[in-house]
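Commentary on secondary and tertiary structure
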Amino acid sequence: NHAWGGVPANIIVRKMMGVAPLTPGAQKIKIHPKIGTLEFANLKTSFITGTVELECRQTDNTFVINVSLPGGVTGDLMIPALKGKKKLYIDGQPSTIKAEKKYFHLKDLPAGKTSLEVK
């Protein structure tokens, strides 16, 4: 595996989808997607703690991110707050979290499946 041939495997995970370990053993991971103008992007990647799945979809008025974290892992999630009325919904319920500097920041997203929507 040459560096130039294998770079997409690293760049897509860490830069575009923004997934990287924050602690040794990946007990806490960063999720900070930057999908630009793409309508959707999906990622499934593995850490020593298990598999992380991420799906991002956006329209002119919404940004949806579905996250699946393995047991015992928490996420530090940054979601762009540039769509619609800039209100965050977590698993379909309105959130009281306010956007700061064009992002919603969830510092301790729990393990399991979570759906978040900005609209």
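To keep things clear, this report deals only with the structure shown in the data block. Since the model is a prediction, treat every value here as computed from it, not as a measurement. (Residues numbered from 1 in each chain as written. Predicted model: local features only at pLDDT ≥ 70, side-chain atom pairs only at ≥ 80, totals over all residues. Heavy atoms only, no water.)

**Looking at the sheet that holds strand β6 (residues 74–80)**
Adjacent strands of a sheet pair through backbone hydrogen bonds, lying either parallel or antiparallel. The strand order across the open sheet formed by four strands is β1-β2-β6-β9, and the pairing between neighbours is mixed. If you trace the sheet from one side to the other, it starts and ends with β1 (19–21) and β9 (103–109), each paired once. Sheet twist, expressed as the mean angle between neighbouring strand axes with direction ignored, is 15 degrees. Sheet topology places β6 next to β9; five bridges connect them, and they run antiparallel. Residue pairing for β9: G75 is matched across the bridge by L109. (Pairing = 2+ DSSP bridges. Helix = DSSP H or I, 4+ residues; strand = E, 2+ residues; numbered from the N terminus. Axes fitted to C-alpha atoms, helices over the stretch in contact; angles between N-to-C directions.)

**Comments concerning the packing of aromatic side chains**
Across all of its chains, the model carries zero aromatic pairs by this definition. Taking NZ or CZ as reference, K119 lies 4.8 Å from the ring centre of Y89, over its face. (Phe/Tyr/Trp six-rings, centres within 6.5 Å; stacked < 30°, edge-to-face > 60°. Lys NZ or Arg CZ within 6 Å of the ring centre and 35° of its normal.)

**Observations regarding unusual backbone geometry**
Not every positive phi belongs to a glycine, and D91 is a case in point at roughly 50 degrees. Inspection of the secondary structure puts D91 in the loop between β7 (88–90) and β8 (93–94). For D91, a relative accessible area of 46% corresponds to the partly exposed category. Its identity is not glycine, yet K102 carries a phi of approximately 70 degrees, on the positive side. Mapped onto the fold, K102 is located in the loop between β8 and β9. Of the residues examined, K102 reaches a relative accessible area of 59% and is grouped as exposed. (Buried < 20%, exposed > 50% of the residue type's maximum accessible area, 1.4 Å probe, protein only.)

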